[in-house]
Amino acid sequence: MESIDDRAALRTRPAEPSDDHFMIQLSREVFHIYGPYERIMESWLKSGLAECLIGSFREKAVAFAMMSNLPFEVNPAHVSELLALAVVPERQGTGIGGILLKEMEKKAAAMNIKGLFLHTALDNTVARRLFKRNGYQARGTKRSYYPAGQDAIFMSKQLGAKAMETPGSQGMKW
Ligand SMILES: CC(C)(COP(=O)(O)OP(=O)(O)OC[C@H]1O[C@@H](n2cnc3c(N)ncnc32)[C@H](O)[C@@H]1OP(=O)(O)O)[C@@H](O)C(=O)NCCC(=O)NCCS
């Protein structure tokens, strides 16, 4: 296995249909405690309303990120939800999640998305630290948000230098 310094060897690319199996299986592995995420992931993938990125080492997929991509007619605020971020268990804790998150933010900004929001389990301290470190602010909690009953924390981040520079900006309201 590569050392942490080999993170430079991590490649990110848009997901292809042949990656669906990897994303569904990894979702089952890491999200099953929250509910039937294998099926939920399948339906997100089928919807055609999600953008996914794959992180890989030497062509082998090790992580993915997924965000919603709704048509602007039904999304006038131009915001997207980060629906999932997952790293294979044997590579967690080496910074891959952070790399993929930043790549997803770049992709979102290139798509003129103004902000990202997400839910993560209240007790998922690793994920909460990752999002906080990357500039996501906690906006509130949602009781029994997950199918298995866990509470979630709702976080968001505004994207793009322009919006951040606006004097007196009140930030995004969601
Ligand atoms: C949450 C998850 C995506 C985070 O991915 P990751 O690659 O492990 O996360 P990070 O990039 O933040 O790294 C995590 C830890 O590794 C540490 N780390 C070690 N070496 C590092 C390096 N070279 N660079 C950056 N971080 C490093 C970080 O400091 C961090 O530790 P901390 O949280 O104690 O501060 C991953 O753990 C995962 O897939 N979990 C299961 C699914 C899940 O919960 N997803 C989130 C909800 S959608």
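Read on for a plain summary of the structure. (Residues numbered from 1 in each chain as written. Predicted model: local features only at pLDDT ≥ 70, side-chain atom pairs only at ≥ 80, totals over all residues.)

Helix and strand counts for the protein chain stand at 5 helices and 7 strands. When its helices and strands are written in sequence order, the protein chain yields β-α-α-β-β-β-α-β-α-β-β-α. Considering the protein chain as a whole, with its 174 residues, one finds that 25% of them fall into the buried category. Restricting to contacts in the protein chain with at least 6 residues of sequence separation, those with at least 24 account for 58%. (Helix = DSSP H or I, 4+ residues; strand = E, 2+ residues; numbered from the N terminus. Buried ≥ 20, exposed ≤ 12 C-beta atoms within 10 Å, placed from the backbone. Contact = placed C-beta atoms within 7 Å.)

Among the nonpolar cores identified, the biggest contains 35 residues, and Phe64, Ala65, Met66, Met67, Leu100, Met104 and Leu116 are the most heavily contacted of them. Not counting the four nearest positions on each side in its chain, Phe64 is found in contact with Ala15, Met23, Leu26, Cys52, Leu53, Ile54, Gly55 and Ala86. (Core = buried A, V, L, I, M, F, W, Y, C linked by C-beta atoms within 7 Å.)

Attention now goes to the sheet that holds strand S1 (residues 10-14). Taken together, the 7 strands give an open sheet; going across it, the order is S1-S2-S3-S4-S5-S7-S6, and neighbouring strands pair in mixed fashion. Each of the sheet's edge strands pairs with one partner strand only, and the pair in question is S1 and strand S6 (137-142). Strand-to-strand twist in this sheet, taken as the mean axis angle between neighbours without regard to direction, amounts to 25°. The pairing of S1 with strand S2 (residues 50-57) spans 5 bridges and is classified as antiparallel. In the strand pairing of S2, Arg11 is matched with Ser56. Along the sheet face, helix H3 (residues 96-110) touches S1, S2, strand S3 (60-68), strand S4 (79-87) and strand S5 (115-121) and points at about 45° away from the line of S3. (Pairing = 2+ DSSP bridges. Axes fitted to C-alpha atoms, helices over the stretch in contact; angles between N-to-C directions.)

What follows covers the site of the ligand. With respect to spatial proximity, 20 residues lie near the ligand, and among them Gly95, Gly97, Gly98, Ala127 and Leu130 are the closest. Secondary structure elements with two or more residues in the shell around the ligand: S4, H3 and helix H4 (125-133). Here the shell around the ligand is built from residues that sort into 10 nonpolar, 8 polar and 2 charged. (Near = placed C-beta within 6 Å. Nonpolar A, V, L, I, M, F, W, Y, C, P; charged D, E, K, R; others polar.)

Moving on: unusual backbone geometry. Phi is positive for Arg58, which is not a glycine, with a value near 45°. Within the secondary structure layout, Arg58 lies in the loop between S2 and S3. Of note in the backbone geometry, Asn112 takes a positive phi value of approximately 65° without being a glycine. Along the polypeptide, Asn112 turns up in the loop between H3 and S5.

The topology assignment puts Ser80 in strand S4. Under the C-beta neighbour-count criterion, Ser80 is labelled buried, with 25 such atoms within 10 Å. Sequence spacing of Ser80 and Ala50 is 30 residues, and the spatial spacing of their C-alpha atoms is 9.5 Å. If near-sequence neighbours (up to four positions away) are discounted, Ser80 is found in contact with Met67, Ser68, Asn69, Ala108, Ile113 and Leu116.

None of the figures reported here should be taken as evidence of function without further support.
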